[in-house]
Amino acid sequence: MPLRSTHWFGLQDRDGFIHRSWMKNQGFPSDLFDGRPVIGICNTFSELTPCNAHLRQVADRVKRGVYEAGGFPLEFPVMSLGETNIRPTAMLFRNLASMDVEESIRGNPIDGVVLLCGCDKTTPSLLMGAASCDVPAIVVSGGPMLNGNFHGERLGSGTGVWQMSEDVRAGKMKIADFFEAEACMSRSAGHCMTMGTASTMASMVEALGMGLPHNAAIPAVDSRRYVLAQQAGRRIVEMVHEDLRISRILTRQAFENAIRINAAIGGSSNFVLHMLAIAGRVGVPLTLDDFDRVGHDLPLLVDIQPSGKFLMEDFYYAGGVPAVVRELADVIHRDAITVNGKTIGENTADAPCWNREVIHERANPIRERAGLAVVRGNLAPNGAVIKPSAATPSLLKHRGRAVVFESIEDFKARIDRPDLEIDETSVMVLKGAGPKGYPGMPEVGNMPLPPKLLARGITDLVRISDARMSGTAYGTVVLHVSPESAAGGTLAVVENGDEIELDIDTRKLELRVSDDELSRRRAAWKPAPDTWTGGYQRLYIDHVLQADQGADLDFLVGCRGAGIPRESH
Ligand code: FES
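Residues numbered from 1 in each chain as written. Predicted model: local features only at pLDDT ≥ 70, side-chain atom pairs only at ≥ 80, totals over all residues. Heavy atoms only, no water.

Novice: How should helix 8 (residues 197–208) be read in this particular structure?
Specialist: Residues lying three or four places apart along an α-helix face the same way, a consequence of the helix completing one turn every 3.6 residues. An ideal rise of 1.5 Å per residue puts 16 Å on 12 residues; helix 8 measures up with 15 Å between its terminal C-alpha atoms. Counting buried residues in helix 8 gives 12 out of 12 residues, a clear majority hidden from the surface. Glycine 209 sits one or two positions beyond helix 8 and adopts a positive phi of about 90°. (Helix = DSSP H or I, 4+ residues; strand = E, 2+ residues; numbered from the N terminus. Expected span 1.5 Å × (residues − 1). Buried < 20%, exposed > 50% of the residue type's maximum accessible area, 1.4 Å probe, protein only.)

Here it is as structure tokens:
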């Protein structure tokens, strides 16, 4: 089958002249247009995305590998989403970035693509866009930062911030120390080095078979990260020759493997949204309940923050994702094919583990049944998720009175007030933070506790919202309540003092208010005025799916392939 790029560079007419001639202004010799595979290097480099700011150097190594294997590498930028800077939330733009990726791949003479990503949303947006094109693709993650180190102790990205800011609020840490910790936490290139969403998604890249072994954990500044990039460059050329497209790798089996491996690594709850969205793009049926059914009984094997103590650098030295997959050999689909042409079982059959404190054996797990739980009930008819491994065990079965915040701004205005009526039995409820409501579903579900409870040594409460939670956060936090409050879900009509029941064993999330009363409240409910009159935000609000469907835009779901019906000239 002729390569896609021959429909550009192989044309022997005026159009071929145009396609080749303008490219030659970059100094490319004629033999690069001789029909060899053209490899796009899709780069989320940006100085505004600090986690990805080193990706131009990584791209250079990918190019080296592509040339070695007889390909023609061409790097192109796509929208880059930096979790720490972009407002109102990077998640609002995940789908927009995926459109950029999809159309950039489809519209250009690209036969295969290397996806360079790192920070949280960059990985799913690239996978979503590439999956909708179904071309050969391989992911190279930028890698985690080196371990943070502050006053002689490990300091994890995100996780350390939440802990230290609570300590400042409780009067246990000086503000000068807090500021000093900034540079101690982020001390090298790379993304968050806890098992936050970036490390989770990089691990999912390996679990899905979309990256080479050890893609997730090699530190960004370790020379072996650059070896992996070069090898990926070589391999993508072979993948084009083999026509090893995304749809052959991202199968139902691959997603089930990813769900299981996510439980064992203690991965972020955000992966649910991203996996649902990626599966939707490639056309694999995957539902919210699959995450509980497939993954919940799996044990936690990796002792890593936010639920454990180590960091990604330790995880790499201990054996990384391959060592975890080996432990799970009897419960994963070992014959799922991966980008290197081997199965995940072949890739990991002999994977060594060098440190059993970091990666535990199946016979000695850190925690049994560590996967996400999906809870339902009248408060979340379409489901909500909780990460029991990050929760307080005694709160996993709990009844308490609601303390309601109508928005995150309402929460911030009142949480520090001494007269806030709240105690250790209360259930904090946040509205207006779902996909449509914010818009963009920010990571605010792990609401900080009120200072007056922190001062009493209380470190966790049940918290419920339609928001997401940073993968670096922890607590008994029920997230992604669907339908969200802005879409008229039951969450919208919860009132202060209502009793709420959470029971993880029976997967129940109930608002203990009579049906008659709920009907009365629903009839009286009016959506908050929507101030977005135009632009992408308007498109997003009008088309975003609810969290239980991955929060993709409805018209982006599905694989549209790489074909283009019209010429450009
Ligand atoms: Fe980029 Fe955490 S802020 S990975």
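Moving on, there is more to tell.
Novice: Any chance you could explain the pattern of salt bridges here in plain terms?
Specialist: If the charged atoms of two oppositely charged side chains come close together, the side chains can form a pair. Enumeration over the complete set of coordinates arrives at 48 salt bridges. Residue lysine 121 pairs with glutamate 83 through a salt bridge whose shortest N-O separation is 2.9 Å. Taken together, the positions of lysine 121 in the loop between strand 3 (112–117) and helix 5 (122–133) and glutamate 83 in the loop between strand 2 (72–77) and helix 4 (90–107) put the pair 38 residues apart, joining distant regions of the chain. Linking arginine 260 and glutamate 256 is a salt bridge whose minimum nitrogen-to-oxygen distance equals 3.9 Å. Remark: glutamate 256 and arginine 260 occur in helix 11 (residues 252–265); sequence separation between them is 4 residues, near one turn of the helix. Glutamate 256 carries the same exposure label as arginine 260, and that label is buried. (Salt bridge = Lys/Arg side-chain N within 4 Å of Asp/Glu carboxyl O.)

Novice: In this structure, what is going on with the packing of helix 4 against helix 20 (residues 535–543)? I would like to understand it.
Specialist: Any two packed helices are characterised by how steeply their axes cross, that is the angle between the axes, and by the distance between the axes. It is at 11 Å that the axes of helix 4 and helix 20 come closest, and there the two elements cross at 90°. In terms of their interaxial angle, helix 4 and helix 20 are classed as roughly perpendicular. Each of Leu92, Phe93, Asn95 and Leu96 in helix 4 lies in contact with helix 20, whose residues at this interface are Tyr536, Gln537 and Tyr540. Residue classes in the contact of helix 4 with helix 20 are distributed as 5 nonpolar, 2 polar and no charged. (Axes fitted to C-alpha atoms, helices over the stretch in contact; angles between N-to-C directions. Parallel < 35°, antiparallel > 145°, perpendicular 65-115°, else oblique. Contact = heavy atoms within 4.5 Å. Nonpolar A, V, L, I, M, F, W, Y, C, P; charged D, E, K, R; others polar.)

Novice: Teacher, can you tell me more about the packing of aromatic side chains here?
Specialist: For any pair of aromatic rings, geometry is given as the distance between the ring centres together with the angle between the planes. Overall, the coordinates contain 10 aromatic pairs when judged by the stated rule. Summarising the aromatic geometry, the rings of phenylalanine 405 and phenylalanine 411 are spaced 5.0 Å apart at their centres and angled 80° between planes, so their arrangement reads as edge-to-face. No difference in accessibility class separates phenylalanine 405 from phenylalanine 411, as the two residues are buried. (Phe/Tyr/Trp six-rings, centres within 6.5 Å; stacked < 30°, edge-to-face > 60°.)

Novice: Can you walk me through the pairing of strand 3 in this structure?
Specialist: Across a regular strand the side chains alternate sides, sitting on one face of the sheet and then on the other. For strand 3, the buried fraction is high: 6 of the 6 residues fall into the buried class. Bridge count between strand 1 (residues 38–43) and strand 3: 5 bridges; the pairing is parallel. Within strand 3, the position partnered with isoleucine 41 by the bridge is valine 114. In this sheet, strand 4 (residues 137–141) lies alongside strand 3 in parallel orientation, the contact comprising 5 bridges. Considered in strand 4, the bridge of valine 113 is made with alanine 137. (Pairing = 2+ DSSP bridges.)

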